[in-house]
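# Notes for the structure review
Listed below are the residues making up each chain.
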Amino acid sequence: MSYHQDESHHNVKHSTPILAMTIKTLGLASLGTGALVTIHHQYRKRHHAQAQLQDYVVGVKAQLQRLHHANTQAINSAQQTWLAAWQAADSNTNSKPHQSCQHSSNCQDSDSQSNRQSKQTAQASTVDIATNNAIHHTKAETVAWVSGVGDLSKGEFAVVGIADNAAKDILWQTPMPERVHDIVVQPVGIHKATTTINTATTATKLAVDTHQHVVVMGRRPSEHFWVLAVATGEVIYRIKAACQRHFYGHACFSLDGQTLYVTENDTVSLTGKIGVYAVNQQYKKIAEFATHGIGPHELLAHPDGETLVIANGGIKTEKASREELNLDSMQPSLVYLNRHDGRLLEQIYPEHNQMSVRHLSLHPDGLVAIGIQFQGERHLNVPLVLTHRRGEEAFTALSMPQGQWQQFHHYIASVAINAKTNLLCASSPIGGCAAVYDLQSGQMIQSAKLPDCAGVAVALTQDNQSQCQADTNTLQTQGFIVSDGQGNLTQFTVNSDFIEHGGKVANSNKVASDKQEQANNAVKPLHVTQVRHALAFDNHLQAVAYPALFYAAVTALTVNIEHNC
């Protein structure tokens, strides 16, 4: 036997037990992993009936995609930085360095935010939450949307301002000490309304404090919310819940922007409350109302300016806990309250007591859209997107093709109404899809598969928009923006041909010879585009200019009604 043959034979003999050990180790590891997944899945099923084993596969894929995207962007950024430095050295020019943007916090009752060095990227911006880097651009940009972001694996969370440009760049990023839920945009123009009725001293102070704010709500059962400046993301106030109270993750401003209403839990009686906070008193709590239910979630200011619309989820939870205590006996409802004294005006109950009323959107004409999260048996097929107007005795359900509401896996995360096009968009992270409905017919007109999508906002653009005051005459509604946990911002742009043809999908400019050609010539209601960031967007997305547009639409409707009368 030659030397090489002997060596090969020797290696085979010694590799056999190693191979067997490797296979045994892999087998035991697989069994252990399978056992852990099974135990964890059973635990999830007890608390979330809609949980699936497929969720683990989707989660692994999402993490791998996010890591790949982050590495790609880091390499591209490094290449661009090196190239810029090489070109600068080669040309021996004295260009000005990019101005760093530092946020000095005057936050009350909170630690000061660390200064965040700004940087510029040529591609879609990324946020490094771990190093608290704020990303800015040298050119003037308008903050069009705000959202929470996070990395659950690291426990790192932030709020970001998103630009109104094709790349949807991140203009600022403010670290948060905990996971956030909704972000509420203050209607603009409050400083004009208040300075005209106050003394000169008070007016001067208001001019500083009342530039447009966004209120960042901690995820339930948080005991904090934060007030940030829209333009910079700077933290202005941190507000702590009163004794024996915690927040439910949502709030709304009055239409004049002077009062903030927050859904809260009484941790003793476990009943729902509305906390009333005065903006011009540094968000001091000045009153409290009962919600006439348990587990209030989202609330909105009705277009009449005098009424609050509240989603009582009906789910009882204790302090510092998200565990549901009353799924069998829960009583969700939609409630209308007088915003000044808390008087109950109307209360509507869904057809099934486990249809948790969670998220809302309002049309300027008063139509309320409701997103449902069903807590009952998985085999039941219940409507998940409803509408209601004051005075109606029951909810009206929107339609699904073949009634297949189960494709949403019993869970609607957000709803948003585009009043100009009379369309509504609903998202489902568990169902992995977003759908757009025609409010006039109640029919779904288009849907898209978007894994882990949650936030929905109206897509607005405005030329030369001021940071502190929106000119509603230049605002244009383009459709919807949907955010997801994989870093995507997906835009549904309404097809102008679709609107011009009265919502008909057939293209009347061509005569089709057969069904296939008809399908090819069809006008799709929405055009879908997408940009991606190396971060995970959290539950809700809000359009900064939308409150101004909403108020303008309400005013226009009021003027038209008075004129017709």
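Note: the structure precedes this text.
This is a predicted model, so every value here is computed, not measured.

With that settled, consider the overall build of the protein chain. For the protein chain, the helix and strand inventory stands at 7 helices and 28 strands. When the 565 residues of the protein chain are sorted by exposure, 48% land in the buried category. Sequence separation of at least 24 residues holds for 57% of the intrachain contacts in the protein chain that already meet a minimum separation of 6. About 27400 Å² of surface is accessible on the protein chain, with carbon and sulfur atoms providing 52% of the total.

In this section: the packing of aromatic side chains. Taken as a whole and assessed by the stated rule, the structure comprises 6 aromatic pairs. Between the aromatic rings of Phe225 and Phe247, the centroid separation amounts to 5.4 Å while the plane-to-plane angle is 55°, which identifies the pairing as tilted. One end of the pair, Phe225, is in strand E6 (residues 224–229); the other, Phe247, is in strand E8 (residues 245–253), and 22 residues separate them in sequence. Of the residues examined, Phe247 reaches a relative accessible area of 0% and is grouped as buried. Between Tyr237 and Tyr283, the ring centres sit 5.8 Å apart and the planes meet at 55°, which makes this aromatic pair tilted.

Take the pattern of salt bridges next. What the rule picks out here adds up to 9 salt bridges. The residue Lys285 makes a salt bridge to Glu264 at a minimum N-O spacing of 2.9 Å. You can see Lys285 sitting in strand E11 (residues 284–290) and its partner Glu264 sitting in strand E9 (residues 259–266), a full 21 residues away along the chain. Classification of Glu264 by relative accessible area gives buried; the value is 0%. Between Arg343 and Asp341 there is a salt bridge, and its shortest N-O distance comes to 2.8 Å. Take Arg343: its relative accessible area is 46%, and that puts it in the partly exposed class. It is possible to trace a salt-bridge network through shared partners that takes in Arg245, Glu264, Asp266, Lys285 and Glu288.

Enumeration according to the criterion identifies 3 cavities of 30 Å³ or more in this entry. Put simply, the largest cavity is a space of about 570 Å³. Residue lining of the largest cavity: 31 residues in total, with Glu298, Leu300, Gln542, Tyr546 and Pro547 positioned closest to the centre. Secondary structure elements with two or more residues in the lining of the largest cavity: strand E4 (180–185), E8, strand E12 (296–301), strand E16 (355–362), strand E20 (414–418), strand E24 (453–461), strand E28 (536–543) and helix H7 (546–564). Among the residues forming the lining of the largest cavity, the class breakdown is 24 nonpolar, 5 polar and 2 charged.

Attention shifts here to the pairing of E12. Counting buried positions along E12 gives 6 out of 6 residues, so the element sits mostly inside the fold. By the bridge criterion, 4 bridges tie E12 to strand E13 (residues 307–312) in an arrangement that is antiparallel. Bridging from a neighbouring strand, Leu300 pairs with Val309 of E13. Here E12 folds back onto E13, and the loop between the two strands holds 5 residues, one of which, Gly305, carries a positive phi near 80°.

Cis geometry marks the peptide bond from Arg220 to Pro221; its omega dihedral reads 5°. One non-glycine residue with positive phi stands out, namely Gln244, at about 60°. Counting through the fold element by element, Gln244 comes out in the loop between strand E7 (235–240) and E8. Residue Gln244 is classed as partly exposed on the basis of its relative accessible area, which comes to 42%. The backbone of Tyr283 sits at a positive phi, close to 60°, despite the residue not being glycine. Along the polypeptide, Tyr283 turns up in the loop between strand E10 (272–278) and E11. The exposure class of Tyr283 is buried, given its relative accessible area of 2%.

With antiparallel pairing, 4 strands are arranged side by side in an open sheet as E20-E21-E22-E23. The strands lining the two open edges of the sheet, one partner per strand, are E20 and strand E23 (443–449). If you compare each strand with its neighbour and ignore which way they point, the axes differ by 20° on average. Pairing between strand E21 (residues 423–428) and strand E22 (residues 433–438): 6 bridges, direction antiparallel. Across the sheet, Ser428 pairs through a bridge with Cys433, a residue of E22.

This next bit is on the sheet that holds strand E15 (residues 344–348). The strand order across the open sheet built from 4 strands is E12-E13-E14-E15, with neighbouring strands paired in antiparallel fashion. Across the chains shown, the open sheet's two edge strands, defined by having one partner strand only, are E12 and E15. The sheet shows a mean angle of 20° between the axes of neighbouring strands, taken without regard to direction. Note: E13 against strand E14 (residues 333–338), 6 bridges, orientation antiparallel. Each residue of the ladder has a partner; that of Leu308, found in E14, is Leu337.

Burial analysis of E22 places 5 of its 6 residues in the buried class, which makes it a mostly covered element. Remark: 4 residues form the turn of the hairpin made by E21 and E22, two consecutive strands paired antiparallel; Gly432 in that turn has positive phi of roughly 70°. Strand direction decides the pairing type here: E22 and E23, joined by 6 bridges, are antiparallel. Following the sheet pairing, Ala435 is matched in E23 by Ser447.

Each value, and the rule that gives it
- Residues numbered from 1 in each chain as written.
- Predicted model: local features only at pLDDT ≥ 70, side-chain atom pairs only at ≥ 80, totals over all residues.
- Heavy atoms only, no water.
- Helix = DSSP H or I, 4+ residues; strand = E, 2+ residues; numbered from the N terminus.
- Buried < 20%, exposed > 50% of the residue type's maximum accessible area, 1.4 Å probe, protein only.
- Contact = heavy atoms within 4.5 Å.
- Areas by Shrake-Rupley, 256 points an atom, 1.4 Å probe, with all protein chains shown as cover.
- Phe/Tyr/Trp six-rings, centres within 6.5 Å; stacked < 30°, edge-to-face > 60°.
- Salt bridge = Lys/Arg side-chain N within 4 Å of Asp/Glu carboxyl O.
- 1 Å grid on protein atoms, 1.4 Å probe; cavity = no way out; pocket = protein on both sides within 12 Å on 5 of 7 lines; lining within 4 Å.
- Points joined across faces, edges and corners; volume = space filled by probe spheres on them.
- Nonpolar A, V, L, I, M, F, W, Y, C, P; charged D, E, K, R; others polar.
- Pairing = 2+ DSSP bridges.
- Axes fitted to C-alpha atoms, helices over the stretch in contact; angles between N-to-C directions.

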